[in-house]
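Observations on the model geometry
Here's the letter readout for the chains.
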Amino acid sequence: MREWIAELQTRVTDCIYREGEPLSGYTTFRIGGKAALLAEPAHEEALCALIAFARAERVPCLLIGNGSNLLIPDEGFDGLVILPARLNRIDARQDTLTAQCGAMLGTLTQKALECGLGGLASLTGIPGTVGGAVYMNAGAFGSQISDTVSEVRALCGGEIRTIPVSEARFGYRRSIFASEGMTVLSAVFSLGKDSEESIRRRMGEVMEMRRQKQPLEYPSAGSFFKRPEGHFAGALIEQAGLKGERVGNAAVSEKHAGFLINLGGATCADVLALMRLVQKRVFDMSGVMLEPEVKIIGRENVVF
Ligand SMILES: Cc1cc2nc3c(=O)[nH]c(=O)nc-3n(C[C@H](O)[C@H](O)[C@H](O)COP(=O)(O)OP(=O)(O)OC[C@H]3O[C@@H](n4cnc5c(N)ncnc54)[C@H](O)[C@@H]3O)c2cc1C
């Protein structure tokens, strides 16, 4: 056994630990090999202690929210995977909601509905956590989470800082938390009063559009590619004749060509081969190089 695994479990006690845990169950793609160690901290202090340990001991460390924008290698992750699922408190105060990073967006939108607070309904159906959504600046149907965030508490370089939205460098699927490798601990959402009826209607409309347009019946990580300037990734992929294209058990969705889906038992290698095939064919047809929106572990800077 790697020495750090025993050492960490002695030093940071308020966690549930699982050694050699398969990660496929923690991603919506249902893909990914084993983690050397998976830790579920009981509270924020334990989360910060895990990250401090990983930094000090130079253990590769990966934070998984709901794993809905992740592609994890078949070989797994030889390091510490942190799952902040138990940090899921949401507090309501006047027109604001404060949510911990592990709270699901679905719970947040439901809480906003109960409190008669508008502004979050367009995010209905995004299967992420508050931490993952703030990190990615998730958005849909013309809105992004940054439209409602007023400040974020984040761990940066061992120090907890409160970052106002003006300093969060939010852009299309961009944030300071991603570019500077910060851990989102919690976020404050400033919302406006709205009627329960109108929020409920908007949430229903958004969910219906998702059901009609997206292959929700298959495991995926949502739209696989970023929207290229002046184009839509799905439309380019469709024009390149790639709907239904397969590599192994990974396929371009027939329903929405922007989604790469797992038909059952797809590997990370299948998805990566399909991604490259799509990129090449779209580039040859249009000169546009599609960039993945999905975080590909081992390829992008998600390991700190
Ligand atoms: C069916 C489907 C539909 C989707 N629709 C949309 C959509 O409409 N719009 C959209 O934007 N996305 C969409 N997505 C993608 C995904 O749901 C979002 O990007 C979501 O915000 C990711 O959140 P997560 O908690 O699952 O993050 P994860 O996938 O777990 O992680 C994503 C990245 O965030 C990092 N991260 C997670 N938590 C934290 C934290 N607390 N602090 C710092 N870093 C952290 C991870 O390390 C990783 O780099 C969809 C996905 C699916 C499967």
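Figured I'd write up the structure that's included with this text. Computed from a predicted structure; not experimentally measured.

What about the pattern of salt bridges?
When the charged atoms of two side chains lie near each other, side chains of opposite charge can form a pair. Throughout the structure, instances matching the rule amount to 16 salt bridges. A salt bridge links R18 to E40; the nearest nitrogen and oxygen atoms lie 2.9 Å apart. Residue R18 is found in strand β1 (residues 15–22), and its partner E40 is found in strand β2 (residues 34–41); the two are separated by 22 residues along the sequence. A salt bridge links K193 to D95; the shortest N-O distance between them is 3.6 Å. Of this pair, K193 sits in strand β14 (residues 192–193) while D95 sits in the loop between β6 (90–93) and β7 (96–100); the two residues are 98 residues apart in sequence, bridging distant segments of the chain. Owing to a relative accessible area of 31%, D95 belongs among the partly exposed residues under this scheme. Taken together, the shared-partner salt bridges connect E7, R11 and E57 into one network.

Regarding the site of the ligand
Close to the ligand lie 34 residues, the nearest being L63, G65, S68, T129 and G139. Alone, the ligand offers 970 Å² of accessible surface; in the complex the protein occludes 94% of this. Sorting the residues of the shell around the ligand by element identifies α4 (130–136), β9 (139–140), β13 (183–190) and β15 (220–223) as the ones contributing at least two each. Taken together, the residues of the shell around the ligand sort by class into 16 nonpolar, 15 polar and three charged.

Thoughts on the sheet that holds strand β3 (residues 61–63)
In spatial order, the strands read β1-β2-β5-β3; together these four strands make up an open sheet with mixed pairing. This sheet does not close on itself; its edge strands, each paired only once, are β1 and β3. Each neighbouring strand pair of the sheet contributes to a mean axis angle of 25°, computed without reference to strand direction. Two strands pair when backbone bridges link them, and β1 and β2 are joined in this way by seven bridges, in the antiparallel orientation. What sits directly across from I16, in β2, is E40. Seen against the sheet, helix α1 (residues 3–11) touches β1, β2 and β5 (77–82) and runs at an angle of roughly 10° to β2.

What counts as what
- Residues numbered from 1 in each chain as written.
- Predicted model: local features only at pLDDT ≥ 70, side-chain atom pairs only at ≥ 80, totals over all residues.
- Heavy atoms only, no water.
- Salt bridge = Lys/Arg side-chain N within 4 Å of Asp/Glu carboxyl O.
- Helix = DSSP H or I, 4+ residues; strand = E, 2+ residues; numbered from the N terminus.
- Buried < 20%, exposed > 50% of the residue type's maximum accessible area, 1.4 Å probe, protein only.
- Near = heavy atom within 4 Å.
- Areas by Shrake-Rupley, 256 points an atom, 1.4 Å probe, with all protein chains shown as cover.
- Nonpolar A, V, L, I, M, F, W, Y, C, P; charged D, E, K, R; others polar.
- Pairing = 2+ DSSP bridges.
- Axes fitted to C-alpha atoms, helices over the stretch in contact; angles between N-to-C directions.
- Contact = heavy atoms within 4.5 Å.

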